[in-house]
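# What the coordinates show
What follows is the residue order along each chain.
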Amino acid sequence: MRQAAPDLPRLGTVLGVEQIMTSAGPAYVLVEQPEDGVPSFLVVLTHGSAGTPDTADLLAARDAARARGAVTALVTQPYRVKGARTPGSAARQDAAWVELTAVLRRQTARDGRLLPLIAGGRSNGGRVACRTARQTGAAGVIALAFPLHPPRRPEKSREAELRDAGVSVLVVNGDRDPFGIPGPDERTTVVVLPGETHALSKRPAAVGGAVTAWLTEFPGLGSLGSGSLG
């Protein structure tokens, strides 16, 4: 259910202009049209575990997507709206993400057809996008600073979340990331930025460039998706 939310509290430098209710509570969403005003695909991005959706890397990815013709949505997930710093139950987080993404897809549909979806986020946000890619119908995932494992705990690998996404994934990590760096495979493009840590805050233009290059080669983003509202 969509609700107008003109008086939402400020989170970082992003003011939520819309509220989407989920089973985990409300999410705040900032939706922006592409630079040419005619969207050809949808990009939904979210924050890391204790973060907000206004980090330099996320904003760079958003700007790159808008320049390529995407309508973009920056999402503050329900647990952060409530003030929690960690997402808690992964199943609950995933369910809320699937619900709010479905609302955004219906909201941005053109001529009764759903736009192709690219889901993504930084760190934990990239994890939830990978885990739910099949459920949301995402064509691809952007995973910024994908946390392959906790620092100094390589045995606690989250690689399966990345490999099981079932779609093309762009990973952008820094070479000094203590959470590790995934390797590429036939579906996973990995860009490693020298001098960057997990924050990916030093060279946002390089993050944007990686997203632009990946989207430029991505098939089918200039046409309507296969899903319909029917």
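Predicted model, so just to flag it, every value in this text is computed and none were measured. (Residues numbered from 1 in each chain as written. Predicted model: local features only at pLDDT ≥ 70, side-chain atom pairs only at ≥ 80, totals over all residues. Heavy atoms only, no water.)

Side chains that carry opposite charge are capable of pairing whenever their charged atoms lie near each other. Throughout the structure, instances matching the rule amount to nine salt bridges. Among the salt bridges present, the one from E32 reaches R62, with a minimum N-O distance of 3.0 Å. Here R62 lies in helix α1 (residues 56-67) and E32 lies in strand β5 (residues 25-32), a separation of 30 residues in the sequence. R62 gets classed as buried once you look at its relative accessible area, which sits at 13%. Across the pair D94 and R131 runs a salt bridge whose closest N-O atoms are separated by 2.8 Å. Residue D94 is found in helix α3 (residues 90-107), and its partner R131 is found in helix α4 (residues 124-131); the two are separated by 37 residues along the sequence. Overall, the relative accessible area of 12% leaves D94 in the buried class. R131 sits in the partly exposed class, given a relative accessible area of 21%. What emerges from the salt-bridge pattern is a single network uniting D94, R127, R131 and E161. (Salt bridge = Lys/Arg side-chain N within 4 Å of Asp/Glu carboxyl O. Helix = DSSP H or I, 4+ residues; strand = E, 2+ residues; numbered from the N terminus. Buried < 20%, exposed > 50% of the residue type's maximum accessible area, 1.4 Å probe, protein only.)

Further remarks concern the side chain of H149. Of note, H149 is situated in the loop between β9 (140-144) and α6 (159-163). Residues contacting H149, with those up to four places away along its chain left out, are P154, K156, S157, R158, P178, F179 and G180. (Contact = heavy atoms within 4.5 Å.)

All right, on to the pairing of strand β8 (residues 117-122) then. Of all six residues in β8, six are buried, a share of seventy percent or more. The two faces of β8 match: L117, A119 and G121 on one face and I118, G120 and R122 on the other face are all buried. Pairing analysis gives five bridges linking strand β6 (residues 41-46) to β8, with the strands arranged parallel. Looking at β8, one finds that T46 is bridged to G121. Where β8 and β9 come together, five bridges link them in parallel fashion. Looking across to β9, one finds that G121 is bridged to A143. (Pairing = 2+ DSSP bridges.)

Moving on to the packing of aromatic side chains. Evaluated as defined, the whole model comprises one aromatic pair. Here W214 and F218 contribute two aromatic rings whose centre-to-centre distance is 5.0 Å and whose plane-to-plane angle is 70°, an arrangement assigned as edge-to-face. A residue is classified by how much of its surface remains accessible, and F218, at 12% relative accessible area, is buried. (Phe/Tyr/Trp six-rings, centres within 6.5 Å; stacked < 30°, edge-to-face > 60°.)

The next thing to look at is the pairing of β6. Most of β6 is tucked away: six of the six residues are buried. Side-chain alternation along β6 places F41, V43 and L45 on one buried face and L42, V44 and T46 on a second face that is also buried. Pairing analysis gives six bridges linking β6 to strand β7 (residues 70-76), with the strands arranged parallel. Looking at the pairing, F41 lines up with A70 of β7. Between β6 and its parallel partner β7, the chain crosses via α1, and the hand of that crossover is right-handed. (Right-handed = clockwise from strand over helix to strand, strands pointing away.)

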